[in-house]
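Examination of the molecular architecture
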Amino acid sequence: MAEKRMFAKVIVDSDAFLDMPLSTQALYFHLSMRADDDGFLNNARKIQRLVGASDDDLRLLLMKRFVIGFEGGILVIKHWRMNNYLRKDRYTPTVYQEELSMLKIKENGAYTLEKTIGIQVGIPDGNQCVTQVSIGKDSIDKKRIEKTVCPEPETAPDRKKAISLILNDKTEYWIFEDQIAEWMELFPAVDVMQELRKMRSWLDSNQSRRKTKRGILRFVNGWLSKEQDKGWSRQGGGRTYDTGREARGDRTAEKGYIQQLIEAGYDPEDTTGF
């Protein structure tokens, strides 16, 4: 599967796209980056949680048809072929051939539904309610009677707690080991566990700037993204934080760094840094 993705300005500069909240736009970019070479993906909810997006963000993308949903939690990026062009030697066909067969490609390259059986309505969550359509035998005009059958939800596997972050209501929000593993893949230049300890200390010391339950994952993702951009360098078997002072040979050691952040009033959600 190709590693690089592109985005067409005709899509991301449209009023329909720009009118959406920034969090919804960001989710679209993250979904597109992780889709296969035909624009399909099966882990939209996991990506949503990792980037701190809300159910409303995913619901809005579905409603405005920037993504198309199928049963089983499969999504496809509607304008995938308008955004991306892959050479044949780098193209890997999607494994979701059944869902692909339900689509046709318009002249402008956008996907559109050709078949409606198996199309997902609402947010994919792995425990969808399937709408069954039948014909009423006693109905003169044979109107369709719809009934909804919901399978029994599967029991979620036990998740191991790793560290908690304090929220603005003074409750603890637990981060789990599987989330940390995902962040380690997304931010390979970051010591994720160490950064979570710094976040915990920062939130403990900045009571007025603690986050809500809804906003805490966005806070974590923003912090880790900035650390990824700044970069870490390994020296002497340990990690040394690169503050951008390399030109002067002045590096800030990781030890005691959180105290400097607190004193400087660092806010990881402020794009200006300090």
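What counts, and where the lines are drawn
- Residues numbered from 1 in each chain as written.
- Predicted model: local features only at pLDDT ≥ 70, side-chain atom pairs only at ≥ 80, totals over all residues.
- Heavy atoms only, no water.
- pLDDT = per-residue confidence, 0-100.
- Contact = heavy atoms within 4.5 Å.
- Core = buried A, V, L, I, M, F, W, Y, C linked by side-chain atoms within 4.5 Å.
- Buried < 20%, exposed > 50% of the residue type's maximum accessible area, 1.4 Å probe, protein only.
- Helix = DSSP H or I, 4+ residues; strand = E, 2+ residues; numbered from the N terminus.
- Salt bridge = Lys/Arg side-chain N within 4 Å of Asp/Glu carboxyl O.
- Pairing = 2+ DSSP bridges.
- Axes fitted to C-alpha atoms, helices over the stretch in contact; angles between N-to-C directions.

For the protein chain, the average pLDDT comes to 75, and 67% of its residues sit at 70 or higher. Below pLDDT 50 for its whole length, residues 126-156 participates in 31 contacts with residues either more than four positions away or in separate chains. Predicted confidence for residues 232-255 stays below pLDDT 50, and this span has 38 contacts to residues more than four positions away or in other chains.

Attention now moves to the nonpolar core. Counting 33 residues, the largest nonpolar core has Leu27, Leu31, Phe40, Leu61, Phe70 and Ile77 as the members making the most contacts within it. Here this core takes 4 residues from helix 5 (residues 55-63), the largest share from any one element. Look past the residues within four positions of Leu61 in its chain and what remains in contact with it is Met20, Thr24, Leu27, Tyr28, Leu31, Phe66 and Val67.

To continue, consider the pattern of salt bridges. Throughout the structure, instances matching the rule amount to 8 salt bridges. Arg45 is the salt-bridge partner of Asp55, the closest N and O atoms lying 3.2 Å from each other. Pair noted here: Asp55 is in helix 5 and Arg45 is in helix 4 (residues 44-50), with a separation of 10 residues, a long-range link. Residue classification places Arg45 among the partly exposed positions, given a relative accessible area of 23%. Between Arg200 and Glu172 there is a salt bridge, with the nearest N and O atoms lying 3.4 Å from each other. Linking Arg200 in helix 9 (residues 192-205) with Glu172 in strand 9 (residues 172-176), this pair joins segments that are 28 residues apart in sequence. Among the charged side chains, a network of salt bridges with common partners joins Asp56, Arg59 and Arg214.

On to the sheet that holds strand 1 (residues 40-41). What links the strands of a sheet is backbone hydrogen bonding, and the strands pair in either a parallel or an antiparallel sense. Judged by pairing direction, the sheet is antiparallel, and its 3 strands sit side by side in the order 1-3-2 without closing on themselves. Each end of this open sheet is capped by a strand with a single partner; those strands are strand 1 and strand 2 (67-69). Here 3 bridges tie strand 2 to strand 3 (residues 75-77), and the two strands are oriented antiparallel to one another. Its bridge partner lying in strand 3, Gly69 is registered against Leu75. Sheet strands touched by helix 3 (residues 22-34): strand 1, strand 2 and strand 3. Its angle to strand 3, the strand with the most contacts, is close to 100°. Against the sheet, helix 5 contacts strand 2 and strand 3, and its axis sits at roughly 95° relative to strand 2.

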